[in-house]
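# A closer look at the structure
Read off the chains here:
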Amino acid sequence: MERDKELDRQFAWLFQWFDFSQNPIIEAPREGDWVSDPTVVTPQESPDGKWHLFCSGKGIKHFVSDDGFHWVYLGLALQEGYSPFLFREGDTFWLFYQVSMGKHRETAIVCRSSKDLQNWSERKIVIVGEKDWERGIHGEPYVRNPCVLKVDDEYWLYYSGGYIILPDTGYEEPSFVCLARSKSLLGPYEKYESPIISPSLSDKWRNLGAGAMKVYKLDGYFIGFNNGIYWGADLHSHSAIHVLISKDGLQWFDSPKNPVLAPAGSGWKKSHVYQIDCKIVGNEIWMFYNARDGWVAATERIGLAICQMPYRLSL
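Residues numbered from 1 in each chain as written. Predicted model: local features only at pLDDT ≥ 70, side-chain atom pairs only at ≥ 80, totals over all residues. Heavy atoms only, no water.

## Thoughts on the pattern of salt bridges
- As enumerated under the stated definition, the model contains 17 salt bridges in all.
- The salt bridge involving Asp203 is made with Arg206; its shortest N-O contact spans 3.0 Å.
- Between Arg301 and Asp293 there is a salt bridge, with the nearest N and O atoms lying 3.1 Å from each other.
- When its relative accessible area of 23% is taken as the criterion, Asp293 is described as partly exposed.
- Here the salt bridges share partners, and the residues they tie into one network are Glu27, Asp293 and Arg301. (Salt bridge = Lys/Arg side-chain N within 4 Å of Asp/Glu carboxyl O. Buried < 20%, exposed > 50% of the residue type's maximum accessible area, 1.4 Å probe, protein only.)

## Quick notes on the environment of Asn119
- As for its placement among the helices and strands, Asn119 is situated in the loop between strand S8 (107-114) and strand S9 (124-128).
- Look at Asn119 and you get exposed, because its relative accessible area is 55%.
- Each C-alpha atom, one on Asn119 and one on Met287, is 27 Å from the other, the two residues being 168 residues apart in sequence.
- Of note is the side chain of Asn119, whose polar atom sits 2.7 Å from the side chain of Asp116. (Helix = DSSP H or I, 4+ residues; strand = E, 2+ residues; numbered from the N terminus. Polar contact = N/O pair within 3.5 Å; in protein donor to acceptor, adjacent residues only side chain to side chain.)

## Some words on the pairing of strand S18 (residues 284-292)
- In terms of burial, S18 is a largely internal element, 8 of the 9 residues being buried.
- Bridge count between strand S17 (residues 272-281) and S18: 8 bridges; the pairing is antiparallel. Paired with Asp277 across the bridge in S18 is Phe288.
- Hairpin connection of S17 to S18: 2 residues between the antiparallel strands, including Gly282 at a positive phi of 65°.
- Note: S18 against strand S19 (residues 300-308), 9 bridges, orientation antiparallel. Each residue of the ladder has a partner; that of Ala291, found in S19, is Arg301. (Pairing = 2+ DSSP bridges.)

## Describing the side chain of Asp8
- By the secondary structure assignment, Asp8 is in helix H1 (residues 5-10).
- We note that Asp8 is buried and unpaired, the nearest opposite charge coming from Lys257 at a distance of 4.0 Å.
- Filtering out sequence-adjacent residues up to four positions away, Asp8 remains in contact with Phe15, Asp254, Ser255, Pro256 and Lys257. (Lys, Arg positive; Asp, Glu negative; His and termini not counted. Contact = heavy atoms within 4.5 Å.)

## A look at the sheet that holds strand S11 (residues 154-165)
- As summarised here, the arrangement of the 4 strands in space is S10-S11-S12-S13, forming an open sheet in which the pairing is antiparallel. Of all strands in the sheet, those bounded by a partner on one side alone are strand S10 (143-151) and strand S13 (190-191).
- As paired elements, S10 and S11 share 7 bridges and run antiparallel to each other. Directly across from Leu149, in S11, lies its bridge partner Trp156.

## Section: unusual backbone geometry
- In this model, Asn23 is joined to Pro24 through a cis peptide bond whose omega is -5°.
- The phi torsion at His104 lies on the positive side, around 55°, for a residue other than glycine.
- Topologically, His104 is positioned in the loop between strand S7 (92-100) and S8.
- For His104, a relative accessible area of 56% puts it in the exposed group.

## As for the packing of aromatic side chains
- This model, assessed by the stated rule, comprises 20 aromatic pairs.
- For the ring pair Trp51 and Phe288, a centre distance of 6.0 Å and an interplane angle of 55° mean the geometry is tilted. Taken together, the positions of Trp51 in strand S3 (residues 51-56) and Phe288 in strand S18 put the pair 237 residues apart, joining distant regions of the chain.
- On the basis of relative accessible area, Trp51 is assigned to the buried category, the value being 5%.
- On the basis of relative accessibility, which here comes to 0%, the residue Phe288 falls in the buried class.
- Ring plane angle 50° and centroid distance 6.5 Å describe the contact between Trp156 and Tyr158, whose orientation is recorded as tilted. (Phe/Tyr/Trp six-rings, centres within 6.5 Å; stacked < 30°, edge-to-face > 60°.)

## Topic: the environment of Ser271
- The topology assignment puts Ser271 in the loop between strand S16 (237-246) and S17.
- Among residues more than four places away in sequence, those in contact with Ser271 are Ser237, His238, Ser239, Pro263, Arg292, Asp293, Gly294 and Trp295.

## Observations concerning the sheet that holds S9
- The 4 strands are arranged S6-S7-S8-S9 in an open sheet whose pairing can be described as antiparallel. Each edge of the sheet is formed by a strand with only one pairing partner; in this case those strands are strand S6 (82-89) and S9. The average undirected angle you get between the axes of adjacent strands in this sheet is 25°.
- Two elements, S8 and S9, share 4 bridges in a ladder whose sense is antiparallel. Directly across from Ala108, in S9, lies its bridge partner Val128. (Axes fitted to C-alpha atoms, helices over the stretch in contact; angles between N-to-C directions.)

## Observations regarding the pairing of S11
- Here S11 lies mainly inside the structure; 9 of its 12 residues are buried.
- Where S10 hands over to S11, the hairpin turn is made up of 2 residues, of which Asp152 adopts a positive phi near 55°.
- The pairing of S11 with strand S12 (residues 172-182) spans 10 bridges and is classified as antiparallel. From the neighbouring strand, Tyr163 faces S12, where its bridge partner is Pro174.
- Hairpin connection from S11 to S12: 6 residues lie between these consecutive antiparallel strands, with Gly170 at a positive phi of about 85°.

What follows is the structure, encoded as structure tokens:
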């Protein structure tokens with residue numbers, strides 16, 4: 001992936017993140033479960049003036065908070081699905097997520113809507129795997145990790161396609177980051193002609209898979225938070241968060257300052273740092289992310305990292 005020294009200088013502050021001292025802030029409500037793939041609604045966005053967080057686990061879980069630091073488990077929002085992403089338009093919340101379909105590991109991206117974050121409409125299929133890079137090892141359609149961004153009069157759906165099986169964990173991680181566009185939020189979506197981020201043996205941080213990416217508009221640029229999947233020098237798989245910058249949302253620039261969040265080698269984020277959601281709080285960007293504490297017989301928890309902005313911006 002290319003680098004741009006000018007963008008590196010302009011956004012130097014965006015590569016400086018500090019972990020919240022009381023991490024992790026959310027753990028699974030019961031043993032044998034996990035929490036991952038957080039998507040967050042701020043008090044300014046929510047219908048009740050509280051923080052809301054939805055995440056993967058055994059079903060899509062719903063947490064609520066008064067301050068964004070201390071969270072209470074409300075229960076399952078949905079008994080199905082993984083990798084939730086909330087997109088708000090007007091007073092309606094649209095919950096995009098992946099769901100298992102058919103044989104082997106086949107998945108599709110679906111969507112439900114809600115006015116109150118409690119009652120959800122029937123699901124509608126939005127994206128299925130059709131391209132070569134959207135298929136699993138058995139040839140089954142496989143798409144996941146949706147992220148929707150409004151760009152002018154279009155909806156841009158960033159998502160992951162295909163997977164690899166990590167040899168030291170036994171579970172799958174996404175191979176490619178893809179893009180589809182539509183004039184309508186629920187589609188039909190026209191897919192970009194090729195993946196926008198691909199794995200490469202020459203890429204230290206993506207030598208197994210490109211992982212997934214959350215994308216935001218900031219100060220006129222596209223900002224992507226990408227967790228590549230890589231095989232480390234310790235002969236184990238890992239994942240780390242990179243800040244990527246783009247002028248058009250298609251061609252992305254990496255930085256030697258990356259990764260901004262990496263495995264710690266011990267503790268609750270020993271092995272993998274995964275998916276995120278970002279919100280602006282005052283002059284700070286809050287990144288909610290999940291991490292894994294090992295490879296076999298491990299679990300995942302959610303933490304918070306904070307970046308200080310040099311001036312007031314909005315996502």
